[in-house]
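Descriptive structure summary
Here is how the chains run, residue by residue.
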Amino acid sequence: MDQIKKDFAVKELRMQALNFVLLTASLGLGVWYIGCLYMVFIIVPLFFLPILLQVFSQMHRFSEEFQCCSERMQEQVSAQYREKHPIYRVAYGELHLLESCILSRNKRRLLFLPLQDIRGVRIGIRLLGTKRIPVLHFFMKDGKKIKLDFDCTNNYEEDSQRIRCWLEDHLGAEKLERTMS
């Protein structure tokens, strides 16, 4: 579990690093022009603090969900995560397909979806300009609905087909539903 949380934190912070550098540079130039350079040391941490808080709150939420599983399941997931497994790009993150669950870093969220808790999956399409981007809607047994958008810059068509086949193999065809949304 620690490796999963560490990977999430590193990748999220790396994703925000360029934004942070550009923000710091633009604020620094503005403050330097005004003549209050010391303000950069006050303002910049105020912009970085919400990002850190979000990353740590997602890691805490993931830990709480993960602790609800049995110790056997926790050990299985940790071992499966360390082994080679399929990883696919989704919008703002990635999707890890493990034997017992699905882990996803998506839109600054760390999602833990045990396969036995998934009631059904709807595979839909959303239009982005002239592209038809696949979307996964997971329906959980506790009533939650989770939406995962694919990344439209990579091999999203091939990836969505592979993920659909993986879901069909691991969940069964009766839990999959194809729609146009």
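The following refers to the structure shown. (Residues numbered from 1 in each chain as written. Predicted model: local features only at pLDDT ≥ 70, side-chain atom pairs only at ≥ 80, totals over all residues. Heavy atoms only, no water.)

Quick word on the layout of surface pockets
Space inside the largest pocket adds up to approximately 310 Å³. Among the elements of the structure, helix H2 (40-67) and strand E4 (109-114) are those that each provide at least two residues to the lining of the largest pocket. If you tally residues by element for the lining of the largest pocket, the top one is E4, at five residues. Broken down by class, the residue content of the lining of the largest pocket amounts to eight nonpolar, one polar and six charged. (1 Å grid on protein atoms, 1.4 Å probe; cavity = no way out; pocket = protein on both sides within 12 Å on 5 of 7 lines; lining within 4 Å. Points joined across faces, edges and corners; volume = space filled by probe spheres on them. Helix = DSSP H or I, 4+ residues; strand = E, 2+ residues; numbered from the N terminus. Nonpolar A, V, L, I, M, F, W, Y, C, P; charged D, E, K, R; others polar.)

Points about the sheet that holds strand E3 (residues 101-106)
Taken in spatial order, the four strands of this open sheet run E1-E2-E3-E4, and their pairing is antiparallel. Among the strands making up the open sheet, the edge pair consists of strand E1 (87-90) and E4. In this sheet, adjacent strand axes meet at a mean angle of 15 degrees when their direction is disregarded. Two elements, strand E2 (residues 93-97) and E3, share four bridges in a ladder whose sense is antiparallel. Paired with Leu95 across the two strands is Ser104, which belongs to E3. Each of E2, E3 and E4 touches helix H3 (residues 71-82); the most contacted strand, E4, lies at about 120 degrees to it. Helix-sheet contacts for helix H4 (residues 156-171) involve E1, E2 and E3, and the interaxial angle to E1 is about 125 degrees. (Pairing = 2+ DSSP bridges. Axes fitted to C-alpha atoms, helices over the stretch in contact; angles between N-to-C directions. Contact = heavy atoms within 4.5 Å.)

Looking at H3
In this model, H3 (twelve residues) spans 17 Å end to end at C-alpha, consistent with the 16 Å of a helix rising 1.5 Å per residue. The complete set of buried residues in H3 reads Met73, Gln74, Val77, Ser78, Gln80 and Tyr81. The arc that holds every buried residue of H3, seen down its axis, measures 165 degrees, which confines them to one face. With respect to the buried face of H3, the exposed residues turned more than 90 degrees away are Glu71, Arg72, Glu75 and Arg82. (Expected span 1.5 Å × (residues − 1). Buried < 20%, exposed > 50% of the residue type's maximum accessible area, 1.4 Å probe, protein only. Arc of directions from axis to C-beta.)

None of this, on its own, says anything about what the molecule does.
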